[in-house]
Amino acid sequence: MIKLAIIGGTGVYDPKMLDDIRTTVQSTPYGEVTVTIGNYAGEEIAFIPRHGSLHSVPPHLINYRANIMALNILGVKSILATAAVGSLNLDLKPGMFILADQFLDFTKTRRSTFYEGGAEGVIHCDMTVPYCKELRQALTKAGEDLGYSMQNGGTYVCTEGPRFETAAEISMFKQLGGDLVGMTSVPEVCLARELGICYANISIITNHAAGISPHILTHSEVLQVMKDSTCDVRQLMMDSIKYIPEDKKCDCAQILNETGVNK
Ligand code: HPA
């Protein structure tokens with residue numbers, strides 16, 4: 001059984017930290033997903049590059065449902081997901097890692113639930129604290145061991161993309177309480193929660209957001225910071241594994257009492 005998965009965001013396209021790497025094509029009701037599986041410290045870990053291995057899928061066209069369902073079918077109980085983000089807060093600087101604990105959803109076109117009526121029925125899934133507290137604690141402990149500049153908690157504003165935001169949008173998001181802006185955490189975290197899977201977001205700040213940054217935003221700026229951070233984020237995820245409790249006490253799996261999904 002594969003208990004842990006990593007979803008790699010921008011800049012995290014390969015599972016270099018894993019041994020004995022192989023790929024499997026997992027079919028789901030939402031389409032097929034190529035999942036890489038490898039070993040780390042005697043444990044099997046699944047890996048999916050969210051944008052494809054060549055960054056060929058834009059944020060609004062990612063098949064979030066297929067990705068999360070594929071991991072669910074493989075038996076995954078915890079997901080560590082990386083994401084490049086802009087910062088709305090001058091204290092949160094490029095290169096820092098933030099573990100989001102909340103989101104504000106400004107997406108527009110995405111299929112954001114497994115429950116669209118019919119055979120699946122309709123459910124209204126709790127999202128009070130969407131990002132798993134125990135996974136965030138495990139990552140925080142690993143970050144402390146490594147001496148990283150990290151923060152546990154922050155509000156991730158999810159935009160539709162693929163364009164960056166206007167300065168006025170960023171000003172509004174800031175007034176609403178946003179700390180970070182990115183294009184992918186919603187609906188990924190919501191879908192994981194609907195299936196009772198623990199999910200943590202590791203936001204890597206690549207830039208100050210539009211209107212806060214003194215210059216226009218470019219994808220190459222994002223990629224440059226990610227290039228410098230990729231090894232560190234891989235190390236963080238691997239080092240956190242030993243701190244993920246075997247017997248979880250978080251509320252993530254309780255969602256299954258409502259959805260009745262049999263895992
Ligand atoms: N906005 C949205 N997504 C991003 C940004 C940003 O400033 N930086 C990296 N991903």
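Residues numbered from 1 in each chain as written. Predicted model: local features only at pLDDT ≥ 70, side-chain atom pairs only at ≥ 80, totals over all residues. Heavy atoms only, no water.

Here we look at the environment of A253
As for its placement among the helices and strands, A253 is situated in the loop between α5 (219–240) and α6 (255–259). For A253, a relative accessible area of 42% gives the class partly exposed. As a C-alpha pair, A253 and R193 span 60 residues in sequence and 7.9 Å in three-dimensional space. (Helix = DSSP H or I, 4+ residues; strand = E, 2+ residues; numbered from the N terminus. Buried < 20%, exposed > 50% of the residue type's maximum accessible area, 1.4 Å probe, protein only.)

A word on the site of the ligand
Residues in contact with the ligand, as listed here, are A84, V85, G86, F164, E165, V181, G182, M183, T206, N207, L217 and V222. Residue E165 places a side-chain N or O atom 2.8 Å away from a nitrogen atom belonging to the ligand. Between a nitrogen atom of the ligand and a side-chain N or O atom of N207, the distance comes to 2.7 Å. Those elements giving two or more residues to the shell around the ligand turn out to be β5 (78–87), β10 (180–182) and β11 (198–208). For the shell around the ligand, the leading source of residues is β5, giving three residues. A per-class count over the shell around the ligand returns seven nonpolar, four polar and one charged. (Near = heavy atom within 4 Å. Polar contact = N/O pair within 3.5 Å; in protein donor to acceptor, adjacent residues only side chain to side chain. Nonpolar A, V, L, I, M, F, W, Y, C, P; charged D, E, K, R; others polar.)

Some words on helix α4 (residues 185–194)
Judged by how many residues are buried, α4 sits mostly within the fold: 10 of 10 residues are covered. Among all positions in α4, only S185, V186, P187, E188, V189, C190, L191, A192, R193 and E194 are buried. Just downstream of α4 lies G196, where phi reads positive at about 75°.

Observations concerning the pairing of strand β1 (residues 4–8)
Remark: a regular strand shows side chains that alternate across the two faces of the sheet. Extensive coverage of β1 is indicated by the burial of five of its five residues. The two faces of β1 match: L4, I6 and G8 on one face and A5 and I7 on the other face are all buried. Where β1 meets strand β4 (residues 43–49), five bridges bridge the pair, whose relative direction is parallel. Counted as the bridge partner of G8 is P49 from β4. (Pairing = 2+ DSSP bridges.)

Focus: the nonpolar core
Formed by 44 residues in total, the largest nonpolar core has its most connected members in V35, I68, L71 and I79. The set of elements that each furnish at least two residues to this core consists of β1, β3 (31–40), β4, α1 (64–73), β5, β9 (155–159), α4 and β11. Of the residues forming this core, the biggest block, six residues, is contributed by α1. In contact with I79, other than residues within four places in its own chain, are A5, I7, I68, L71, L135, A192, I197, C198, Y199 and A200. Within the second largest apolar cluster, 30 residues are counted, among which are L80, C132, A138 and L236. (Core = buried A, V, L, I, M, F, W, Y, C linked by side-chain atoms within 4.5 Å. Contact = heavy atoms within 4.5 Å.)

Overview of the packing of aromatic side chains
This structure, assessed with the given rule, holds five aromatic pairs. Measuring from ring centre to ring centre gives 5.5 Å for Y30 and F114, while their planes differ by 50°; the resulting arrangement is tilted. Residue Y30 is located in the loop between β2 (19–28) and β3, and its partner F114 is located in the loop between β7 (102–106) and α2 (133–146); the two are separated by 84 residues in the primary sequence. Geometrically, the ring pair formed by F106 and F173 is tilted, given 4.8 Å between the ring centres and 50° between the ring planes. Of the two residues, F106 sits in strand β7 while F173 sits in helix α3 (residues 167–175), which places them 67 residues apart along the sequence. Owing to a relative accessible area of 30%, F106 belongs among the partly exposed residues under this scheme. Here the aromatic residues F103, Y131 and Y199 are joined through ring pairs into a cluster of three or more. (Phe/Tyr/Trp six-rings, centres within 6.5 Å; stacked < 30°, edge-to-face > 60°.)

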